[in-house]
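Structural characterization, general
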Amino acid sequence: MKEAEADEWQESEEEVEHIPFSHSRYPEKEMVKRSQEFYELLNKRRSVRFISNEQVPMEVIDNVIKAAGTAPSGAHTEPWTFVVVKDPDVKHKIREIIEEEEEINYLKRMGPRWVTDLKKFRTNWIKEYLDTAPVLILIFKQVHGFSANGKKKIHYYNEISVSISCGILLAALQMTKMVTKQVAFVSFLIL
């Protein structure tokens, strides 16, 4: 890295607020019960492409995004940005962009085996549910961020961290019992 480029990057932050860890352990029977209930809840999750247009309280959307934001990340850099889209025109533009890319995926990028494997799910590059869903949650991966002084800050393990955050988002949506009905969740991994 050139010396001028090195000056653009933030040195490690020295003053980071320490949040003490507090822990309470459940009795074994309670742990077994809770783990079984959580498994049963998540085992009911399905990937569907038929979305209700029924409105969703924004407080619910805020809470599931906050839950996703608790995901672990490399050096606690939190390399994600969540964007909530409700405007029908913007949702439609997003749909057009996604369908254009997905058509290329199906016809060129994925290969015949992958496309064949998807046939049983009766899915293709047409994503009508992106117009139907009252809310889209877009997740963007950040390769780097910026500190308060404007210098670049590296985001370590950004793709893995964002993937974990997406998993927590799906679990949080399943907890609300609306993941298959009202929210389309779209992950954009920006390289």
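Residue positions are given per chain, counting from 1 as you read along its sequence in written order. Given that the model is predicted, a residue must reach a pLDDT of at least 70 before its local features are reported, and side-chain atom pairs must reach 80 or more before they are shown or counted; all residues, however, enter totals for whole chains, interfaces and linings. The side-chain numbers reported here are obtained from all heavy atoms of the structure, hydrogens and water having been left aside.

- Looking at an unreviewed UniProt entry, one finds the protein chain named Iodotyrosine deiodinase 1 and attributed to Bos mutus grunniens.
- UniProt positions are given in the numbering used here, feature names are shortened, and annotations may be inferred rather than shown by experiment. According to the UniProt record, the Sequence similarities (unreviewed entry) comment for the protein chain reads "Belongs to the nitroreductase family."
- Of the comments in the UniProt record for the protein chain, the one headed Cofactor (unreviewed entry) reads "FMN".

Some words on the overall build of the protein chain
- Note on conventions: DSSP H or I runs of at least 4 residues are helices, E runs of at least 2 residues are strands, and numbering of each starts at the N terminus. If you tally the helices and strands in the protein chain, you get seven helices and five strands.
- Ordered by position from the N terminus, the helices and strands of the protein chain form the series α-α-α-β-α-α-α-β-β-β-α-β.
- Accessible area is worked out with a 1.4 Å probe on protein chains only. A residue is then buried under 20% of its type maximum, exposed over 50%, and partly exposed in between. Burial statistics for the protein chain: of 191 residues in total, 30% are counted as buried.
- Considering only residue pairs separated by 6 or more positions, the protein chain has 77% of its internal contacts joining residues 24 or more positions apart.
- For the protein chain, the exposed surface amounts to about 13,700 Å²; the carbon and sulfur share of it is 55%. Pairs of residues are marked as contacts when any of their non-hydrogen atoms sit within 4.5 Å. Accessibility throughout is a Shrake-Rupley quantity obtained with a 1.4 Å probe, and a residue counts as covered only by protein chains that appear here.

Details of the pattern of salt bridges
- In the sections that follow, a salt bridge refers to a side-chain nitrogen of Lys or Arg positioned within 4 Å of a carboxyl oxygen of Asp or Glu. Applying the stated rule across the entire model yields seven salt bridges.
- In this structure, Arg34 engages Glu30 in a salt bridge whose closest nitrogen and oxygen atoms are separated by 2.8 Å. Of this pair, Arg34 and Glu30 both sit in helix H2 (residues 28–43), separated by four residues, roughly a single helical turn.
- Relative accessible area serves as the criterion here: at 39%, Arg34 is assigned to the partly exposed category.
- Where salt bridges share partners, they join Arg95, Glu99 and Asp131 into one cluster.

Observations concerning the nonpolar core
- Buried Ala, Val, Leu, Ile, Met, Phe, Trp, Tyr and Cys residues form a nonpolar core when they are joined through side-chain atoms within 4.5 Å. In terms of nonpolar packing, the biggest core is built from 17 residues, with Ile61, Val64, Phe82, Ile137, Ile139 and Leu169 touching the most fellow members.
- Broken down by element, the residue count for this core peaks at five residues, all from helix H7 (residues 158–176).
- Formed by nine residues, the second largest nonpolar core is a distinct cluster that contains Val85, Tyr129, Leu130 and Ala133.

Re the confidence of the model for the protein chain
- Per residue, pLDDT measures the predictor's confidence, with a range of 0 to 100. This prediction gives the protein chain a mean pLDDT of 86; 85% of its residues lie at or above 70.
- Taking the mean pLDDT of every element in the protein chain, the minimum, 54, falls on strand S5 (residues 183–188) and the maximum, 96, on H2.

Topic: the environment of Ile160
- Summarising the element assignment, Ile160 is placed in helix H7.
- Ile160 sits in the exposed class, given a relative accessible area of 52%.
- Distance from Ile160 to Gly74, taken between C-alpha atoms, is 8.8 Å for residues 86 residues apart in sequence.

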